[in-house]
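# Descriptive analysis of the structure
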Amino acid sequence: MTTEAAPHATLHRVTADATAHQEPSAGAPGPSRATARGPRRPRGSGYAPTPRQRAKSVLKHAILIATAVVMIYPLLWMIVSSFRPSDDVFRAPGLWLTQAHPENYANGWNALTSPFATYLLNSTIVVLGAVVGNLVSCSMAAYAFARLDFRGKKWMFAAMLVTIMLPIHVVIVPQYILFSQLGWINTFAPLIVPKFLATDAFFTFLMVQFIRGIPRELDEAARIDGAGHPRIFLRVILPLMTPALATTTIFTFIWTWSDFFSQLIYLTSPDVFTVPVALRAFVDAQSSTDWGAMFAMSVVSLLPVFIAFLIGQKFLVKGIATTGIK
């Protein structure tokens, strides 16, 4: 090859290589349609559901709304009945209110031997005692089961779980005999003192599951710094148990506030009646019952429960979700 032909051969080789890179063969995969047309538009902006999907969504929401109306209807009926005269409460089962009688609230507030504020105060005392008792005793028992090693730990934990399945009617008679011998009948002691002995096994189990999810490395680091079990419990474990403690507080508040059976058994004097027992006093078998006043006070008694649930709903969901109950 001459020196003049060499530049032409080199130029021909470079042109052939460039053509091979720019025009792939028929068998080689070419650029995708998405690349050729640009990025695809997300479905969120201009996406329109099909008629079948729209009908499915409408049917689902209609079922949910109908179920919610059925579940909330008794509450709405009670609120409407609290503004009706007693003679019309059961004559008009609907929600239409022809004439409002707000005096039912004033009549119900002073209908019993003491103002209704007395019964609200009694229920508050019982609820606060039960809440404090469960928080203190159940958290300490849960720490012992989750972190300490002692003889008979598994058997005691199993026995505690068995008590969850025992109905209150099985133990109410021996408890009543015991409290009667102690002279606690017609006082708040039978409703508060057992809470300080971790008798609510459900909350103990709830906290045990939560503590087991806390890394043990935190305990070991605190032990290296010279902390013992009391300090580890108070400074390390207890601050991390806020969701479980909040769940215990809310459940204890709701269950104790609405507890009728135990309070009816142990409280016999009208001066120590709680809200559920006081509402029962509105029903008189020998004379006419003031249903309007009773429903009015029932609405008043539900307000603390609604407020407690609305305030602690976030902690309640978080506590249930993080306790490891599966």
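Residues numbered from 1 in each chain as written. Predicted model: local features only at pLDDT ≥ 70, side-chain atom pairs only at ≥ 80, totals over all residues. Heavy atoms only, no water.

Across its full length, the chain holds 16 helices and 0 strands. A total of 326 residues make up the chain; the buried ones form 32% of that total. At a minimum sequence separation of 6, the contacts of the chain that also span at least 24 residues come to 70%. Per element, the accessible surface of the chain, about 21,100 Å² overall, is 67% carbon and sulfur. (Helix = DSSP H or I, 4+ residues; strand = E, 2+ residues; numbered from the N terminus. Buried < 20%, exposed > 50% of the residue type's maximum accessible area, 1.4 Å probe, protein only. Contact = heavy atoms within 4.5 Å. Areas by Shrake-Rupley, 256 points an atom, 1.4 Å probe, with all protein chains shown as cover.)

With that out of the way, let us pick up the layout of surface pockets. Volume-wise, the largest pocket comes out at about 990 Å³. Elements supplying a minimum of two residues to the lining of the largest pocket: helix H6 (116-147), helix H7 (153-164), helix H8 (168-182), helix H9 (189-192), helix H10 (201-212), helix H13 (242-257) and helix H14 (261-266). No other element matches the 5 residues that H8 contributes to the lining of the largest pocket. When the residues that make up the lining of the largest pocket are grouped by side-chain class, the tally is 20 nonpolar, 8 polar and 3 charged. (1 Å grid on protein atoms, 1.4 Å probe; cavity = no way out; pocket = protein on both sides within 12 Å on 5 of 7 lines; lining within 4 Å. Points joined across faces, edges and corners; volume = space filled by probe spheres on them. Nonpolar A, V, L, I, M, F, W, Y, C, P; charged D, E, K, R; others polar.)

Here we come to the packing of H10 against H13. Their axes nearest at 10 Å, the elements H10 and H13 cross at an angle of 165°. In terms of orientation, H10 lies roughly antiparallel with respect to H13. For the pair H10 and H13, the sense of crossing is right-handed. Where H10 approaches H13, its residues Phe-202, Phe-203, Leu-206, Met-207 and Phe-210 are matched on the opposing element by Pro-243, Ala-244, Leu-245, Thr-247, Thr-248, Phe-251, Thr-252 and Trp-255. Its residues placed into classes, the contact of H10 with H13 shows 10 nonpolar, 3 polar and no charged. (Axes fitted to C-alpha atoms, helices over the stretch in contact; angles between N-to-C directions. Parallel < 35°, antiparallel > 145°, perpendicular 65-115°, else oblique. Left-handed = near helix turned anticlockwise from the far one by under 90°.)

Moving on: H7. If you check H7, its first and last C-alpha atoms are 17 Å apart, about what 12 residues at 1.5 Å a residue would give, namely 16 Å. Where H7 is concerned, the buried positions are Lys-153, Phe-157 and Met-160. All buried residues of H7 fall inside an arc of 60° around its axis, so they share one side. Opposite its buried face, H7 presents the exposed residues Lys-154 and Trp-155, each directed more than 90 degrees away. Against H6 and H10 lie the buried residues of H7. (Expected span 1.5 Å × (residues − 1). Arc of directions from axis to C-beta.)

This brings us to the side chain of Ser-114. As for its placement among the helices and strands, Ser-114 is situated in the loop between helix H5 (103-109) and H6. Residues within four places of Ser-114 in sequence aside, it is in contact with Trp-109, Tyr-119 and Asp-271.

Turning next to the environment of Thr-249. In this structure, Thr-249 sits in helix H13. Here Thr-249 falls in the partly exposed class, since its relative accessible area comes to 27%. In this structure the C-alpha to C-alpha distance between Thr-249 and Val-131, which are 118 residues apart in sequence, comes to 5.8 Å. In contact with Thr-249, not counting residues within four places along its chain, are Val-131 and Leu-135.

Pairs of aromatic rings are described using the distance from one ring centre to the other and the angle between the two planes. Enumeration according to the criterion identifies 20 aromatic pairs in this entry. Aromatic side chains Phe-179 and Trp-184 sit 5.7 Å apart centroid to centroid with 20° between the ring planes, which places their arrangement in the stacked category. Classification of Trp-184 as partly exposed rests on a relative accessible area of 26%. Judged by centre distance (5.5 Å) and plane angle (35°), the ring pair of Phe-203 and Trp-255 falls under tilted. (Phe/Tyr/Trp six-rings, centres within 6.5 Å; stacked < 30°, edge-to-face > 60°.)

Positionally, Ser-123 belongs in helix H6. Take Ser-123: its relative accessible area is 2%, and that puts it in the buried class. In this structure, Ser-123 is in contact with Trp-257, Thr-274, Val-275 and Pro-276, ignoring residues within four places of it in sequence.

As a further point, take the confidence of the model for the chain. When pLDDT is low, close inspection of the predicted coordinates is not appropriate. With 82% of its residues at a pLDDT of 70 or more, the chain shows a mean pLDDT of 82. Here residues 1-36 is a poorly scored stretch, pLDDT under 50, and it has 3 contacts once near neighbours within four places are set aside; other chains count. (pLDDT = per-residue confidence, 0-100.)

The subject of this paragraph is the pattern of salt bridges. Throughout the structure, instances matching the rule amount to 4 salt bridges. Taking the shortest distance from any N to any O, the salt bridge between Arg-91 and Asp-88 comes out at 3.9 Å. Given a relative accessible area of 66%, Arg-91 falls into the exposed group. The partner of Asp-219 in a salt bridge is Arg-147, and the shortest N-O contact between them spans 2.5 Å. (Salt bridge = Lys/Arg side-chain N within 4 Å of Asp/Glu carboxyl O.)

What follows is about the packing of H6 against H10. With their axes 8 Å apart at the nearest point, H6 and H10 run at an angle of 50° to one another. In terms of orientation, H6 and H10 fall into the oblique class. Between H6 and H10 lies a crossing whose hand is right-handed. Mapping the contact onto sequence places Asn-134, Cys-138, Ser-139, Ala-141, Ala-142, Tyr-143, Phe-145, Ala-146 and Arg-147 in H6 and Phe-203, Thr-204, Met-207, Val-208, Ile-211 and Arg-212 in H10. Within the contact of H6 with H10, the residues separate by chemical class into 10 nonpolar, 3 polar and 2 charged.

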